[in-house]
Amino acid sequence: MSALVIDNIGLLVTNDPERGQVRDAALVIEDGRVSAIERTGAAGDERLDAGGRCVIPGFVDSHTHLVFAGDRGDEFAARMAGAPYAAGGIRVTTEATRAASREQLRELAAARRAEALRAGITHLEIKSGYGLDVDTERRSCEVAAELTDDVTFLGAHVVPAEYEGRAGDYVDLVCGDMLAACAPHAKWIDVFCEEGAFDEEQSRRVLAAGRDAGLGLRVHGNQLGPGPGVRLAVEMGAASVDHCTYLEDADIDALAGSDTVATFLPATDFSTRQPYPDARRAIDAGVAPAIATNCNPGSSYTTSMAFCLALAVRDMHMTMEEALTAATLGGARALRRDDIGHLSPGARGDAVVLDAPSYSHLVYRPGVPLVAATIAGGSAAG
Ligand code: NIG
């Protein structure tokens, strides 16, 4: 058995209810799993000196769209000049993604994965959704599956141009041949339930077909305005409903009495000049929150979870601790996993050494790269 000891930790955040935050600690990882939390000075085959700095669980990014080609910098510039964000921008990326080879998609997605790792993201979910035809959706899921075991089939991202005016036919394709091609490579199915994408009935059909094919459910909802996405996600028992920018009382009530996590994507609201969700109200009502980057070329081109935490605290009125928990344990819950997002004995040895005495510096020092080392499965990464 090989043991890595991260020693001389000034402040260790475990997310373990029995241990909480521990001062002057050593984290022992054996064969890729946390085996013990000891006092500074523990022995091991390999020692990483944290130098009195803070160590946190690796970030769990439960919402990304890393498989795509092309660039939408001009669209972002137009938005900053006053143009609104619309779901239709997805089609621009679809054209570029269809034109890319499998090898190109692999290289692009792997580079983004590496960037996320350097930012302290030790586990992430990856969606398809920029192919929108059977072959490119399958290829996207296959490429994603090389990088994570949390792959989400998102054929119902938007109606592609060739199906304009025939959304019902496209939903038939998504629920039929496309699902059959993608399900073997995916764990989840997702639908963008929003004005300009799919309505409630279409979304329900997609989710039901995915469930019948053995996939877990996720929903993009309430991003661009109030709508049925959140309530549909709860009704269908989805693991997570993501965005939640516009939450009405009934949405909060539904979420609070459910197992569905509300995943907030504040970098999206930043990048699309939307209002921020009222996370404070939702959390106070008992809603389980996660925070994710939503890395994608249109609405949120970032792999910085630290940036998301800064927005969540400053603009969504979460406490620093709530934000960190939402980006680690919350992400794990949104993916229905108990092996990541915390550093209890038995958990995956995923940890981040911060170049700071406390995780509060992630918010206090916005824009500063504070990840000194990323440890994934007990090995140095990123
Ligand atoms: O989560 N909401 C839908 N999908 C992405 C946006 C994709 C795009 O604009 O390319 C999102 O924000």
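This structure is a prediction, so every number in the text was calculated from the model and none was measured. (Residues numbered from 1 in each chain as written. Predicted model: local features only at pLDDT ≥ 70, side-chain atom pairs only at ≥ 80, totals over all residues. Heavy atoms only, no water.)

Visitor: Could you clarify how one ought to interpret the environment of Val-60 in this entry?
Guide: By secondary structure assignment, the location of Val-60 is in strand E6 (residues 59-61). Looking at Val-60, the relative accessible area reads 1%, which means it is buried. A sequence separation of 120 residues divides Val-60 from Ala-180, and the C-alpha atoms of the two residues are 28 Å apart. (Helix = DSSP H or I, 4+ residues; strand = E, 2+ residues; numbered from the N terminus. Buried < 20%, exposed > 50% of the residue type's maximum accessible area, 1.4 Å probe, protein only.)

Visitor: So what exactly am I meant to see when it comes to the site of the ligand here?
Guide: Near the ligand, the surroundings consist of 15 residues, among which Arg-72, Tyr-85, Tyr-130, His-157 and Ser-299 are the closest. Contact distances for the ligand include 3.2 Å between an oxygen atom and a side-chain N or O atom of His-220. Between the ligand and the protein, one listed contact pairs an oxygen atom with a side-chain N or O atom of His-243 at 2.9 Å. Across the complex, the protein chains shield 100% of the 330 Å² of accessible surface that the ligand would expose by itself. When its residues are assigned to classes, the shell around the ligand shows 4 nonpolar, 10 polar and 1 charged. (Near = heavy atom within 4 Å. Polar contact = N/O pair within 3.5 Å; in protein donor to acceptor, adjacent residues only side chain to side chain. Areas by Shrake-Rupley, 256 points an atom, 1.4 Å probe, with all protein chains shown as cover. Nonpolar A, V, L, I, M, F, W, Y, C, P; charged D, E, K, R; others polar.)

Visitor: I keep staring at the domain arrangement of the protein chain and nothing clicks. Help me out?
Guide: You'll often see interface size given as the accessible area lost when the parts meet. Considered domain by domain, the protein chain is made up of domain 1 (3-58 + 342-381) and domain 2 (59-334). The gap between the C-alpha centroids of domain 1 and domain 2 is 29 Å. Applying the counting rule to domain 1 against domain 2 returns 0 salt bridges. Inspection of the domain 1/domain 2 interface yields 4 residue pairs in polar contact (both at pLDDT 80 or more). When residues of the side of domain 1 that touches domain 2 are traced back to their parent elements, those giving at least two are strand E5 (54-57), helix H14 (361-364) and strand E16 (371-376). (Domains from an automatic or database assignment. Salt bridge = Lys/Arg side-chain N within 4 Å of Asp/Glu carboxyl O.)

Visitor: What's the story with unusual backbone geometry in this structure? I'm lost.
Guide: The backbone of Leu-132 shows a phi angle near 60 degrees, a positive value even though the residue is not glycine. Tracing the sequence through the fold places Leu-132 in the loop between strand E8 (126-127) and helix H4 (134-145). At Arg-273, a residue that is not glycine, the phi angle is positive and equals roughly 55 degrees. With respect to the helices and strands, Arg-273 occurs in the loop between helix H9 (266-271) and helix H10 (279-284).

Visitor: For this particular structure, what's the right way to read the packing of helix H3 (residues 102-118) against H4?
Guide: Packed helix pairs are specified by the crossing angle of their axes together with the interaxial distance, meaning the distance between the axes. At a minimum axis distance of 10 Å, the contact between H3 and H4 shows a crossing angle of 40 degrees. The angle between H3 and H4 falls in the class oblique. Judged by the twist between their axes, the crossing of H3 over H4 is right-handed. When H3 is examined against H4, the residues Arg-102, Leu-105, Arg-106 and Ala-109 are found in contact with a partner set consisting of Arg-139, Glu-142 and Val-143. (Axes fitted to C-alpha atoms, helices over the stretch in contact; angles between N-to-C directions. Parallel < 35°, antiparallel > 145°, perpendicular 65-115°, else oblique. Left-handed = near helix turned anticlockwise from the far one by under 90°. Contact = heavy atoms within 4.5 Å.)

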